[in-house]
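Here are the chains, one letter per residue:
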Amino acid sequence: MSETVVAVDIGGTHARFAMAKVAGGRVLSLGEATTLHTAHHASFQSAWEAFARQEGGVPRSVAIAVAGPVRGEVIRFTNNPWLIRPALIGEKLHVDRYVLVNDFEAVGHAVAQADASYFERLSGPDEPLPATGTISIIGPGTGLGVAHIWRDGSDYRVQATEGGHIDFAPLDSIEDAILTRLRERHRRVSVERVVSGPGIVDIYETLAALEGRPVASLDDRTIWTMAMSGDDSLAAAAADRFCLSLGSVAGDLALAQGAGGVVIAGGLGLRIRDSLVRSGFPERFIAKGRFENLMASLPVKLITHPQPGLFGAAAAFARDYR
């Protein structure tokens, strides 16, 4: 028998809501998403009530994915003033059952349950993700999300990690220069400093310095827009360099996690899908010395589901209450 649950995906700028039907530990369907600006609501409870009024009422079950750690008595957000006290979710939202997961853990559940049609080949053999073993998941966005799922053929487990904070390892002179630039501000340079949306600023400015070219101080959104439009050759070169580094990091994580397949996730991953295919991402992914043949045998996919956070939150609920 199916159950309807409200899926919620809360980030710094937006909170997304959708109705989902679940049964037997899986998501049967996900409805149209409603997006609310966090700045327009004083609290999560206020946004929840606005959504409930819009829907004419909501079920008493909720699955919540949040952009940040879910441990502790209070959950705080980096880019909005909301607070969530997990112990009070039932009372404040008037729900009987809830699940609270990290946003990238939710992406892991989405990878585990989404239909094969939502995965697009980036490199490696054109075959499905393995039904058994480990699948690494890497999601460049505001930061760098890293997780993995483990499948035994009939079930799976999701493990969220802090893999975005491993050390950045340059592979050529340009990346040496990027590292040198970043070390001027950071005692330790993690891969997230390079392979995340904001990382393109330092890549762009490093390339400009190498060419002796003066450039205006631009934010990451502007540089990405310039790169994707193809109107600025320096921004386009920075995007290509980003893809190279992402390939290296994805390969390192696959080796470390013993993966049989890899998924690139995140809104930025979807935005640069064409650049990933055209760039040196595939070559960098397999460039692991004695393990090149192994790396070349791994299917690398891009998840194209329009709302993996909402879908994954619903999937996490379905598993907990199956």
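Residues numbered from 1 in each chain as written. Predicted model: local features only at pLDDT ≥ 70, side-chain atom pairs only at ≥ 80, totals over all residues. Heavy atoms only, no water.

Unusually for a residue other than glycine, His94 sits at a positive phi of about 60°. Residue position: His94 is located in the loop between helix H2 (89–93) and strand E8 (97–102). In this structure His94 comes out as exposed when scored by relative accessible area, which is 51%. (Helix = DSSP H or I, 4+ residues; strand = E, 2+ residues; numbered from the N terminus. Buried < 20%, exposed > 50% of the residue type's maximum accessible area, 1.4 Å probe, protein only.)

A word on the environment of Glu55. The residue Glu55 is located in helix H1 (residues 44–55) in this model. Residue classification places Glu55 among the partly exposed residues on the basis of a relative accessible area of 36%. Residues Glu55 and Met19, 36 residues apart in the sequence, show an inter-C-alpha distance of 9.7 Å. With residues near it in sequence (within four places) discarded, Glu55 still touches Met19 and Thr34. (Contact = heavy atoms within 4.5 Å.)

Here the focus is the packing of aromatic side chains. This model, assessed by the stated rule, comprises seven aromatic pairs. Summarising the aromatic geometry, the rings of Phe17 and Phe44 are spaced 6.4 Å apart at their centres and angled 25° between planes, so their arrangement reads as stacked. Pair noted here: Phe17 is in strand E2 (residues 14–23) and Phe44 is in helix H1, with a separation of 27 residues, a long-range link. Note on Phe44: relative accessible area 5%, which makes it buried. Judged by centre distance (4.6 Å) and plane angle (40°), the rings of Phe317 and Tyr321 are tilted. (Phe/Tyr/Trp six-rings, centres within 6.5 Å; stacked < 30°, edge-to-face > 60°.)

What follows deals with a nonpolar patch on the surface. The grouping of Leu255, Phe291 and Leu294 at the surface amounts to a nonpolar patch, some 250 Å² of accessible area in total. Leu255 sits in the partly exposed class, given a relative accessible area of 33%. (Patch = residues over 30% accessible without salt bridge, like charges linked within 9 Å, V, L, I, M, F, W, Y side chains within 5 Å. Areas by Shrake-Rupley, 256 points an atom, 1.4 Å probe, with all protein chains shown as cover. Salt bridge = Lys/Arg side-chain N within 4 Å of Asp/Glu carboxyl O.)

This next bit is on the side chain of Ser248. Topologically, Ser248 is positioned in helix H7 (residues 233–257). The buried category is assigned to Ser248, whose relative accessible area is 5%. Side chain to side chain, Ser248 and Arg284 meet in a polar contact 2.8 Å long. Those residues in contact with Ser248, other than ones at most four positions away along the chain, are Leu171, Arg284, Phe285 and Lys288. (Polar contact = N/O pair within 3.5 Å; in protein donor to acceptor, adjacent residues only side chain to side chain.)

Packing of helix H5 (residues 199–211) against helix H6 (residues 220–229) brings their axes to within 8 Å, and their N-to-C directions diverge by 65°. Taken together, H5 and H6 sit at an angle that is classed as roughly perpendicular. In this structure, the crossing between H5 and H6 has a hand that is left-handed. Taken together, the residues of H6 that come into contact with H5 (itself represented by Ile200, Val201 and Tyr204) are Asp220, Ile223, Trp224 and Met226. Class assignment for the residues of the contact of H5 with H6 results in six nonpolar, no polar and one charged. (Axes fitted to C-alpha atoms, helices over the stretch in contact; angles between N-to-C directions. Parallel < 35°, antiparallel > 145°, perpendicular 65-115°, else oblique. Left-handed = near helix turned anticlockwise from the far one by under 90°. Nonpolar A, V, L, I, M, F, W, Y, C, P; charged D, E, K, R; others polar.)

Before going further, it helps to examine the side chain of Arg241. Considering the arrangement of structural elements, one finds Arg241 in helix H7. On the accessibility criterion, Arg241 (10% relative accessible area) is buried. Reaching out from Arg241, the side chain makes a polar contact with the side chain of Asp172 at a distance of 2.8 Å.

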